[in-house]
Amino acid sequence: MKIYGEISKVRETVKNWKRKGLTVGFVPTMGYLHEGHKSLIDTARKENDRVVVSIFVNPMQFGPSEDFASYPRDLEKDAKLCEDAGVDLIFHPEADEMYADGFCSYVDMNGLTTELCGKSRPIHFRGVQTVVLKLFHIVTPDRAYFGQKDAQQLAVIKRMVRDLNVDTEIIGCPIIREEDGLAKSSRNTYLSQEERQAALILSRSLKIGKELVDSGETNAAAVKAAITAELETEPLAKIDYVEVVEFNTITPVDTLTGSVLVAIAVYIGKTRLIDNFIATV
Ligand code: AMP
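So, how was this worked out
Residues numbered from 1 in each chain as written. Predicted model: local features only at pLDDT ≥ 70, side-chain atom pairs only at ≥ 80, totals over all residues. Heavy atoms only, no water. Near = heavy atom within 4 Å. Polar contact = N/O pair within 3.5 Å; in protein donor to acceptor, adjacent residues only side chain to side chain. Areas by Shrake-Rupley, 256 points an atom, 1.4 Å probe, with all protein chains shown as cover. Helix = DSSP H or I, 4+ residues; strand = E, 2+ residues; numbered from the N terminus. Salt bridge = Lys/Arg side-chain N within 4 Å of Asp/Glu carboxyl O. Buried < 20%, exposed > 50% of the residue type's maximum accessible area, 1.4 Å probe, protein only. Core = buried A, V, L, I, M, F, W, Y, C linked by side-chain atoms within 4.5 Å. Pairing = 2+ DSSP bridges. Right-handed = clockwise from strand over helix to strand, strands pointing away.

K.L.:
Pulling in residues and values, what's your account of the site of the ligand?
P.N.:
Taken together, 17 residues form the shell around the ligand, and within it His37, Gly147, Asp150, Ile176 and Lys184 come nearest. One of the backbone N or O atoms of methionine 30 is found 2.9 Å from an oxygen atom in the ligand. Contact distances for the ligand include 2.9 Å between an oxygen atom and a side-chain N or O atom of histidine 37. When the ligand is considered free in solution it has 490 Å² of accessible area, and contact with the protein chains removes 93% of it. Those elements that place two or more of their residues in the shell around the ligand are strand S2 (24-29), helix H2 (35-47) and strand S5 (143-147).

K.L.:
Could you give an account of the pattern of salt bridges, with specific residues and numbers?
P.N.:
Tallied over the entire structure, the rule returns 17 salt bridges. Among the salt bridges present, the one from lysine 38 reaches aspartate 42, with a minimum N-O distance of 2.9 Å. With lysine 38 and aspartate 42 both in helix H2, this residue pair falls 4 residues apart, about one helical turn. Judged by its relative accessible area of 24%, lysine 38 falls in the partly exposed class. Arginine 204 is the salt-bridge partner of glutamate 230, the closest N and O atoms lying 3.6 Å from each other. A residue pair is termed long-range when its members are at least 10 positions apart, and glutamate 230 in helix H10 (residues 220-231) and arginine 204 in helix H9 (residues 200-214) qualify at 26 residues. For arginine 204, a relative accessible area of 40% translates into the label partly exposed.

K.L.:
I'd love a proper account of the nonpolar core, names of residues and values included.
P.N.:
A general tendency of soluble globular proteins is for nonpolar side chains to be buried together. Ranked by size, the top nonpolar core spans 47 residues in total, and within it Met98, Phe136 and Ile157 carry the most contacts. Secondary structure elements with two or more residues in this core: helix H1 (7-19), S2, strand S4 (89-91), helix H6 (124-139), S5, helix H7 (151-163), strand S7 (237-246) and strand S9 (259-268). For this core, the element with the highest residue contribution is H6, accounting for 9 residues. Counting 26 residues, the second-largest nonpolar core is a separate cluster that includes Val213, Val260, Ile264 and Leu273.

K.L.:
So, the pairing of S2: which residues are in play, and what are the values?
P.N.:
Judged by how many residues are buried, S2 sits mostly within the fold: 6 of 6 residues are covered. Along S2, one buried face is formed by Val24, Phe26 and Pro28 and the opposite face, lined by Gly25, Val27 and Thr29, is buried too. Two strands pair when backbone bridges link them, and S2 and strand S3 (residues 50-55) are joined in this way by 6 bridges, in the parallel orientation. Bridge pairing in S3 links proline 28 to serine 54. After leaving S2, the chain enters H2 and then returns to the sheet as S3, a path that is right-handed.

Take it as geometry only, folks, not as evidence of what the structure does.
Printed below as a string of structure tokens:
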């Protein structure tokens, strides 16, 4: 397995693979890899001849008061997970390799990014779209793998690729959870023991919402109210949002129909956690 920080080396390697007719699967990450990332890597491994993982904590997608500086990093551990999972190449650039002096070009979107996480993280998706399109230009993957854990991000990337004619297939992968239900996340490492226990309220409240939807409830307000009521039983939890949106457009719905995303963001202490489920009604 190769680990490169230079764009030129990644390009050269991928060009060589493509000359031989090999397909390339790509998993973009911010590192501190866990089973959630590994599931994307495993799927990419099955569906492609070569697998590239990027590890880059992208400063552009963090707001000024967010956790860019404290975001956990462990390249050695990540490299071991990737090596064991059969990854061919890790791209691990420094910020100045990705953003040269005077960088001033961005990818932005008029829809999909205003609701949910876009409300409390106004510059986040512009940073995500810009870095992902750059990574796509560098890696030129046939397929790229994204987790449903970040469902709004998945919808945004799918739309960006469609709108801008990027020749990469976007594949969404299911949420991987801890045994007790907590969605795996690099940010779980911020939680104290007490907060880790309190964080179970996210998956527990979504389970109640999902049971309601499965039993035939189509009123979005009723689903949101049930989830909110459960979240409010946890003193350490502070709700950022509880929303029901159409998955492909990320627009709020009053009545559940088609592919709907039920998404929540909740602070447990200072840590902001997200979780969701998608239902086809
Ligand atoms: P991150 O390193 O947090 O930027 O995540 C990189 C990719 O891994 C994104 O596509 C995430 O949606 C995905 N991912 C993170 N956590 C999980 C999880 N628990 N299950 C599935 N995919 C995940």
